[in-house]
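The primary structure of each chain is shown beneath.
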Amino acid sequence: MAVPVAFFALFFAYPVTAIVGRGLKAEDAWQFGRIGEVLSRPDILDVLWFTTWQALASTALTLLIALPGAYVFARFDFPGKQVLRAVVTVPFVLPTVVVGTAFLALLGRGGLLDELWGVRLDTTVWAILLAHVFFNYAVVVRTVGGLWSQLDPRQEEAARVLGAGRFAAFRRVTLPALAPAVAAAALMVFLFTFTSFGVVQILGGPAYSTLEVEIYRQTAQLLDLPTAAVLTLVQFAAVGGILAVHAATVRRRERALKLVDPAQTSRRPRGAGQWALLGGVLLTALLLILLPLGVLVERSLDGPGGYGFGYYEALQSVGAGGSSTFLVPPLEAVGNSLRYALVATLIALVIGGLAAAALTRRAGRLVRGFDALLMLPLGVSAVTVGFGFLITLDKPPLDLRTSWILVPLAQALVGVPFVVRTMLPVLRAVDDRLREAAAVLGASPLRAWREVDLPLVRRAVLVAAGFAFAVSLGEFGATVFIARPDNPTLPVAVARLLGRSGELNYGQAMALSTILMLVCAVSLLLLERIRTDRSGEF
């Protein structure tokens, strides 16, 4: 545990504590009265209210749309199922900047809806809600569908034989068994939407602001650190509560259920009703997932002189069309992002692998608290972490503010939880007697790990590396503060282009977003070839 604890203490707890301390301290004295002052402001109350209700609405809408998909993936066997599974999971690993850009191309000014029917939904809450459903659809399908596929259908069939109707059997038998998984998925969706940043910033406009967006505005634009510090504490408390409830639901699911092989529960659809349900899920995937991504690609090719690669060619030069958005050609952001993501993946694998190994020992409350600590970077303001990096890591012996390693370190913080969650179930499944036998035969602990554990968890390591790479590639909240102007990442480059007027800047943003989407999609497709679908967890 020593190395992961030191990593999180230095690159997570220290920057967050420092930025909050600067906001709440004046003349070396804590000013806790600022908390009440900030939380009593009408504009801040509006932000808190919008953050909460849009997260609740996004969660409810995601469950409503995704639960039929979870059932289809759990119970039906049909051609192209694995490809469709990969397609619906693509949005989850896409950067939020790309998601916002795709829906801007679909719903915004000059978008598909605007051209066909003169309807614009950008700067409305509906655009935000739809983008959140798009982003979190796979969370419900994978988490609930994975468990659903392992529930023994004979239990529900027995209820039907005893006289229960189809709905009554589902409500009394299947739904109680699924409840922990549904709750876990709902809590994760609520967490992601409660801390939403890129989607709201791009689609919401100045009228809508979540806590994360407001922290960014107060920090980067208004330089109001006291308000940003209070909002960070509020978000930290909310995220801590959500993660605590989520951990309880996961433990309940693990203890309460006896599962079967998913191959025993999957079959081809029967009857018109089941085929109609499958068709509805396919149509949902087409309209909700493929259409925005397709429009994004189409807009990247639709140049002033007709369809072509003009916007992609413009990415190779600085100041194309009179723009001075970048100090280097925007296309260099592709190489920068790939290099940063590879280094971040290596860091996440080392830190996450050590943490997962420590968590397999089940050493009481200390380890459980460590488990919760590892999840905090997913919910704590990435904006706060990024700005904290700038004000803390600027003195020897850790003067990293001008170093390239700062970006991979921030990205690795987000990748570590995915590595831990992927490797932990596999490590816990390794029989301790194998390690003991290796020790009896004279193997050192390191050799026992290399000869016993590593061959068994190799596939899990590859899956963990893929997820860490994808989320590192798309990290935006912290990177927007620490990426140097001459070394921008893809998400930062897209945000800069969207922040400037002009058709060329808009087209280049679409082109860069398409490149980023394709890289993430290829990573995910490679994961699908090596993953072991033995649980509903990511």
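Residues numbered from 1 in each chain as written. Predicted model: local features only at pLDDT ≥ 70, side-chain atom pairs only at ≥ 80, totals over all residues. Heavy atoms only, no water.

Quick look at unusual backbone geometry now. In most cases, non-glycine residues show a negative phi, while peptide bonds are predominantly trans. One non-glycine residue with positive phi stands out, namely T123, at about 65°. One can find T123 in the loop between α6 (112–117) and α7 (125–148). Given a relative accessible area of 42%, T123 falls into the partly exposed group. Positive phi, normally seen in glycine, also occurs at L223, with a value near 55°. (Helix = DSSP H or I, 4+ residues; strand = E, 2+ residues; numbered from the N terminus. Buried < 20%, exposed > 50% of the residue type's maximum accessible area, 1.4 Å probe, protein only.)

A few words on the confidence of the model for the chain. Across the chain, the average pLDDT comes to 82, with 90% of residues at 70 or higher. When mean pLDDT is taken per element in the chain, helix α3 (residues 42–75) scores highest with 93 and strand β2 (residues 29–30) scores lowest with 68. (pLDDT = per-residue confidence, 0-100.)

A separate point is the packing of aromatic side chains. A complete count under the given rule lists 16 aromatic pairs for this structure. Between Y71 and W148, the ring centres sit 5.1 Å apart and the planes meet at 65°, which makes this aromatic pair edge-to-face. Taken together, the residues Y71 in helix α3 and W148 in helix α7 connect sequence positions 77 residues apart. For Y71, a relative accessible area of 23% translates into the label partly exposed. For W148, a relative accessible area of 8% puts it in the buried group. (Phe/Tyr/Trp six-rings, centres within 6.5 Å; stacked < 30°, edge-to-face > 60°.)

A cluster of nonpolar side chains, namely L283, L286, L287, L290 and L291, defines an oily patch on the protein surface of about 430 Å² accessible area. Tracing the chain through its elements places L287 in helix α13 (residues 271–301). (Patch = residues over 30% accessible without salt bridge, like charges linked within 9 Å, V, L, I, M, F, W, Y side chains within 5 Å. Areas by Shrake-Rupley, 256 points an atom, 1.4 Å probe, with all protein chains shown as cover. Salt bridge = Lys/Arg side-chain N within 4 Å of Asp/Glu carboxyl O.)

This paragraph deals with the packing of helix α1 (residues 2–24) against helix α17 (residues 382–392). Two numbers describe how α1 lies on α17: the axes approach to 8 Å, and their chain directions differ by 85°. In terms of orientation, α1 and α17 fall into the roughly perpendicular class. When α1 is examined against α17, the residues F11, F12, Y14, P15, V16, A18, I19 and R22 are found in contact with a partner set consisting of T384, V385, F387, G388, F389, I391 and T392. (Axes fitted to C-alpha atoms, helices over the stretch in contact; angles between N-to-C directions. Parallel < 35°, antiparallel > 145°, perpendicular 65-115°, else oblique. Contact = heavy atoms within 4.5 Å.)

Because each turn of an α-helix spans 3.6 residues, side chains separated by three or four positions in sequence point in the same direction. For helix α18 (residues 406–429), spanning 24 residues, the distance from its first C-alpha to its last is 35 Å, which sits close to the expected 34 Å at 1.5 Å a residue. The largest bend in α18 amounts to roughly 35° and is located at V414, with the proline P417 lying one to four residues further along. Judged by how many residues are buried, α18 sits mostly within the fold: 19 of 24 residues are covered. (Expected span 1.5 Å × (residues − 1). Bend = angle between axes of the 7 residues up to and from the residue.)

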